[in-house]
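The chain contents come next:
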Amino acid sequence: MGIIGAGTMGGGIAMNFATAGYPVKIVETTQEALDRGLKVVRGNYQRSADKGRFPQDEVEARMDRFDGRLSIAELADCDLVIEAVFEDMELKRKIFTELDRVMKPGAILATNTSALNIDEIAGMTKRPEDVIGLHFFSPANVMKLLEIVRAHHTADDVVATCMALAKDINKIATLVGVCPGFVGNRILFARQKQANKLVYQGVMPWDVDAALNQFGFKMGPFQMSDLAGLDIGWSKGAKTENPIRDALCEMDRRGQKTQAGFYDYDENRRPIPSDVTAGIIRDITGAEPRSMSAEEIIEICIYPMINEAVKILEENKAQRPSDVDVVWLNGYGWPADKGGPIFYGDMVGAQAVLDRMEKLGAEDPDFAPADTLRKLAETGGKFTQIDTGGLKT
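Residues numbered from 1 in each chain as written. Predicted model: local features only at pLDDT ≥ 70, side-chain atom pairs only at ≥ 80, totals over all residues. Heavy atoms only, no water.

- Per an unreviewed UniProt entry, the protein carries the name 3-hydroxyacyl-CoA dehydrogenase NAD-binding domain-containing protein and comes from Sulfitobacter porphyrae.

Some points on the overall build of the protein
And then number 1: Looking only at helices and strands, the protein has 16 helices and ten strands in total.
And then number 2: Against the globule reference of 21 Å for 393 residues, the protein gives a C-alpha radius of gyration of 22 Å, in line with a compact fold.
And then number 3: Projected onto its principal axes, the C-alpha coordinates of the protein cover approximately 60 × 50 × 45 Å.
And then number 4: The 393 residues of the protein split such that 53% are buried.
And then number 5: For the protein, long-range pairs separated by at least 24 residues make up 65% of all intrachain contacts whose partners lie at least 6 apart in sequence. (Helix = DSSP H or I, 4+ residues; strand = E, 2+ residues; numbered from the N terminus. Rg over C-alpha atoms; globule rule 2.2 N^0.38 Å. Buried < 20%, exposed > 50% of the residue type's maximum accessible area, 1.4 Å probe, protein only. Contact = heavy atoms within 4.5 Å.)

Description of the pattern of salt bridges
And then number 1: One pass over the structure, following the stated rule, counts 32 salt bridges.
And then number 2: Notably, a salt bridge pairs glutamate 87 with lysine 92, separated by 3.4 Å at the nearest N-O pair.
And then number 3: For glutamate 87, a relative accessible area of 41% corresponds to the partly exposed category.
And then number 4: Residue class for lysine 92 comes out buried when judged on its relative accessible area of 1%.
And then number 5: With a closest N to O distance of 2.8 Å, glutamate 315 and arginine 186 form a salt bridge. (Salt bridge = Lys/Arg side-chain N within 4 Å of Asp/Glu carboxyl O.)

As for the packing of helix H12 (residues 294-314) against helix H16 (residues 371-379)
And then number 1: In the contact formed by H12 and H16, the axes pass within 8 Å of each other and the chain directions differ by 110°. Taken together, the axis directions place H12 and H16 in an arrangement best described as roughly perpendicular. Contacts from Asn307, Val310 and Glu314 in H12 reach Asp371, Thr372 and Leu373 in H16.
And then number 2: Grouping the constituent residues of the contact of H12 with H16 by class yields two nonpolar, two polar and two charged. (Axes fitted to C-alpha atoms, helices over the stretch in contact; angles between N-to-C directions. Parallel < 35°, antiparallel > 145°, perpendicular 65-115°, else oblique. Nonpolar A, V, L, I, M, F, W, Y, C, P; charged D, E, K, R; others polar.)

A word on helix H3 (residues 56-63)
And then number 1: If you check which residues of H3 are buried, you get Val59, Arg62 and Met63. The buried residues of H3 occupy an angular sector of 95° when projected down its axis, which confines them to one face. (Arc of directions from axis to C-beta.)

Okay, here's the thing in structure tokens:
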């Protein structure tokens, strides 16, 4: 196995293969970055050994499977290479041009992108049939989900090999198609957009999070943003589509790592609603703070996820309805008692989802009800029984 990048994602991805007994070549741009990445990997293995998950000598056995290198050309003889660098299309295009030049014929060329267009990445090679998306979730050595993204030209044997490999490395794999965010993040984006709209209407971030915690998520959207870091995709002076986030970052409120983001944090990283954030929200939105019932917040944030899942099925970007639920249960902490967005759609019924989406769609055409949602409401059909013909590229 070849892994490009020894950061959080690259190191975590590499651990899956080393744990399963595969030799791993891992490439970084500098010796310092390579040493740092391998030190983190060793630390992760050592903590597991300290907790008694495997004997101490297993730490060395796993580390011995790593071979650190400083050039992509060193990966030439690998059977599978996974690119795990920053989410930057130009950088990925450059790497895949290089991979096309140096990799042996028949090698699988995979990208760990979480949202970028894999057809465009594959277009940088003369062998697009060998290119596939392997979207691991962070931390990649822990999270069970693996979205396997079939691009337009991906060959059957490449898909079959990756699905089999997923079992070898103890992952739960779902086969999905190319669209912005694939299945998991595309549905997440819909939830995030509605959560942000609520804040612009004067609902406080902690009230949105509390409603989603009540629904069963361990973390709501703003708790999650603070954990990930508010400065992902932001740099000093940047003006993005999220001015509240920009203002927080400019004040060095970048999430848990700076002990302040949407929330203030004490020494135990306990989140505390922040007067500073409330003031920023008031200044930027001009909205008076307002309360909203948890039930209404849940409908506004969750029902668009169901609607987006239906649109994904309509566009043939997932194999079957249950795959959407597999993604959300294993990659995003969807509460198990509510089965996943599709299963939950049947719990509340298509008519209830349609009523809410009619309102949200009137405010923003991105949230217009899916045609299939309308049909289900008319016929009393079930989300779990939607059949639009499976995955098509």
